[in-house]
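So you can see what is in the structure, the chains are spelled out below.
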Amino acid sequence: LIPLLAARVDLTFESNRDEAVLLEGLLVASSMRTVYSVPQHRQYLRGGYPSEPFLAEAAARAMFDIIKESESKVTEKSIKEIIGKYKNIVPSAVTAWCQRGLIDKGIRGELVARTLCTLAHDISILKMLPLGIAANRHVSFSKMIPVVEFLSTLISKEWISKVLKARPSNMAGETLEKAFKDGYVHFTQFVNAGDNSTITDEAAYLLFTRAAAIQGYWNMPKADLVIPVCICPDANPTRWSMTAILIQVKNRVDEQPIVIDAQQTFGFFTKSTMKKYNKRPYITIAMELGMELGMLTPQQRKAPQPHPQSKAKQVSTVEGKQGSKGKGKEHETAMPVTPKCNLAPQVPSSPAEVEVISRSHEQTTRSMLRTHPRYEIFIRGCSKRVYNVIGEVSYSTLLAHKDILAEHPRDGRYLDATRRMKPYWVTDSSYHWATMRNESRL
């Protein structure tokens, strides 16, 4: 599956592994991979899959042939089984090759996000297949998919109704389901943006015709992925009918404020002389995958917290270093308390929540008349509780941050002895040589 996925989700091979360099050379020789450049030292090559709609379609069909195995006809039962295989086989393949060090994970969250969106696309196509046809024929993945169907496939059933009922966050407006009832996505591949010219309705139109979604450039603000959307109820796609789903990926447990403004940040929409084209809605999705948990020992997870011996009174700070409860009254100064030191934070469980931001604006201002409705979706976590395209295989191996001992052999035995060599300083293992007279946080 890896050569096929490489053509669709933009996999980059490690340049410092001989096996990966050899593999990429084989893909160039036998799997349609293109060499872009060869450095002067000739140690490796820089290659990839250009935006070729026919090649991406062929890769999607080949993936289907491999995953469906011996299924001969499309039935309701066989489709469910094939969809289940997609959810498990694809992440297993990517994870296996990443663990072998052959694929450059890059920003791991973005790799997972591209995989999830590609799965949502392919599964949406499979759901639309008419029953009874031969499984090896009439399966085209280069079809337009309704936005509502795409979101329903991507987001779990527990949360999708909340998403479809969302209203704009920057103005009063109709529900997302109604606003995008004639909206379609159309992508079989991800292509790399080189600059901000790609994040415009003109470029979105051209890439929509090539069945391509966009992987953001390295320092692109706010958004990491852009999926072109066409809202065309009665006509063929044009630049004036183009909008987008903008996705920002965060691989952190803690919540962060995320606002993606397509017009202010990118100038995505071109002003039209026709008013109906100046109110094109767009969707922003913040994927807070929240799996950057680290590889902590049980001792680190249960790090003791100090308990101060004296109970000091709380001091409210208003101005300066001392506060007061009222004017003219002396306030007792508390003794400073040594703050609790969280040297080894607890490992939080991965969140599982989908939130939408909907605001009702009673008054319409002049600025709102020039504003495009924005539908904000926040997805926290990376499990089947929030994503409908995740099966029994977890993405935690791809997302979890690993320290230098994560691949230690012998089933983790003798790890404490290894940590006593102090590759990094942690509770217990690094401070065993020191004895504190008083209660210590170490």
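Residues numbered from 1 in each chain as written. Predicted model: local features only at pLDDT ≥ 70, side-chain atom pairs only at ≥ 80, totals over all residues. Heavy atoms only, no water.

*Asks:* What is the right way to read the overall build of the chain from this model?
*Replies:* When helices and strands are counted, the chain shows 14 helices and 13 strands. The contacts of the chain with a sequence gap of at least 6 include a subset with a gap of at least 24, amounting to 68%. When the accessible surface of the chain is totalled, it reaches about 24200 Å², and 51% of it is carbon and sulfur. (Helix = DSSP H or I, 4+ residues; strand = E, 2+ residues; numbered from the N terminus. Contact = heavy atoms within 4.5 Å. Areas by Shrake-Rupley, 256 points an atom, 1.4 Å probe, with all protein chains shown as cover.)

*Asks:* Would you explain the pattern of salt bridges in this entry?
*Replies:* Pairs can form between side chains of opposite charge once their charged atoms are near each other. In the structure shown here, the tally under the stated rule is 12 salt bridges. Its salt-bridge partner being Arg-61, residue Glu-57 comes within 2.6 Å of it at the nearest N-O pair. With Glu-57 and Arg-61 both in helix α3 (residues 53-68), this residue pair falls 4 residues apart, about one helical turn. With relative accessibility at 9%, the residue Glu-57 sits in the buried group. Taking the relative accessible area as the measure of exposure, Arg-61 reaches 40% and is therefore partly exposed. Here Asp-416 makes a salt bridge to Arg-420, at a shortest N to O gap of 3.3 Å. (Salt bridge = Lys/Arg side-chain N within 4 Å of Asp/Glu carboxyl O. Buried < 20%, exposed > 50% of the residue type's maximum accessible area, 1.4 Å probe, protein only.)

*Asks:* Just to check I follow, could you spell out the packing of helix α1 (residues 2-9) against α3 for this structure?
*Replies:* For any two helices packed against each other, one specifies the crossing angle of their axes together with the interaxial distance. Remark: α1 packs on α3, axes separated minimally by 9 Å, with the N-to-C direction vectors making an angle of 140°. With respect to each other, α1 and α3 are oriented oblique. Two packed elements cross with a definite hand, and for α1 against α3 that hand is left-handed. For the pair α1 and α3, the contacting residues are Leu-4, Leu-5, Ala-7 and Arg-8 in the first and Ala-56, Ala-59, Ala-60, Ala-62, Met-63 and Ile-66 in the second. A per-class count over the contact of α1 with α3 returns 9 nonpolar, no polar and 1 charged. (Axes fitted to C-alpha atoms, helices over the stretch in contact; angles between N-to-C directions. Parallel < 35°, antiparallel > 145°, perpendicular 65-115°, else oblique. Left-handed = near helix turned anticlockwise from the far one by under 90°. Nonpolar A, V, L, I, M, F, W, Y, C, P; charged D, E, K, R; others polar.)

*Asks:* Would you explain the pairing of strand β11 (residues 282-288) in this entry?
*Replies:* When a strand is regular, its side chains alternate between the sheet's two faces. Most of β11 is tucked away, with 7 of its 7 residues classed as buried. In this sheet, β11 lies alongside strand β10 (residues 242-250) in parallel orientation, the contact comprising 6 bridges. Counterpart to Val-249 in the pairing with β11 is Met-287. Here β11 pairs with strand β13 (residues 374-380) via 7 bridges, running parallel. (Pairing = 2+ DSSP bridges.)

*Asks:* Just to check I follow, could you spell out helix α9 (residues 201-209) for this structure?
*Replies:* Think of an α-helix as 3.6 residues a turn; residues three or four steps apart then line up on the same face. Within α9 the residues assigned to the buried category are Asp-201, Ala-203, Ala-204, Leu-207 and Phe-208. For α9, the angular spread of buried residues about the axis comes to 155°, placing them on one side. (Arc of directions from axis to C-beta.)

*Asks:* Honestly, the nonpolar core in this entry has me stumped. Any pointers?
*Replies:* Looking at soluble globular proteins, one finds that nonpolar side chains tend to be buried together. Of all hydrophobic cores here, the largest spans 83 residues; its most connected members are Tyr-86, Phe-150, Ile-283 and Tyr-387. At 10 residues, helix α5 (residues 108-127) tops the list of elements feeding residues into this core. Residue contacts for Tyr-387: discarding those within four places in its chain leaves Leu-116, Leu-154, Ser-156, Met-287, Leu-289, Ile-379, Gly-381 and Cys-382. Leu-207, Met-220, Ile-260 and Phe-268 belong to the second largest nonpolar core, which has 27 residues in total. (Core = buried A, V, L, I, M, F, W, Y, C linked by side-chain atoms within 4.5 Å.)

*Asks:* Got a minute to help me understand the side chain of Ser-430 in this structure?
*Replies:* On the secondary structure map, Ser-430 appears in the segment after α14 (415-419). Every residue in contact with Ser-430, bar those within four places of it in the chain, is listed here: Arg-419, Lys-422, Tyr-424 and Trp-425.

*Asks:* Teacher, can you tell me more about the packing of aromatic side chains here?
*Replies:* Note on aromatic pairs: each is described by the distance of the centres and the angle between the planes. By the definition in use, this model includes 7 aromatic pairs. Both rings, one in Phe-150 and one in Phe-187, keep their centres 5.9 Å apart while their planes meet at 80°; by these two values the pair is edge-to-face. Here the residue Phe-150 occupies a position in helix α6 (residues 147-154), and Phe-187 occupies one in the loop between β6 (183-185) and β7 (189-192), the gap between them amounting to 37 residues. Of the two residues, Phe-150 and Phe-187, both sit in the buried class. Seen in terms of ring centroids, Phe-187 and Phe-190 are 5.7 Å apart; in terms of plane orientation they differ by 65°. Their pairing is edge-to-face. Each residue in the set Phe-150, Phe-187 and Phe-190 is aromatic and connected to the rest through ring pairs, giving one cluster. When the ring centre of Trp-240 is taken as reference, the NZ or CZ atom of Arg-239 above it lies at 4.5 Å. The cationic tip of Lys-422 hangs over the ring face of Trp-425; the distance from NZ or CZ to the ring centre is 5.9 Å. (Phe/Tyr/Trp six-rings, centres within 6.5 Å; stacked < 30°, edge-to-face > 60°. Lys NZ or Arg CZ within 6 Å of the ring centre and 35° of its normal.)

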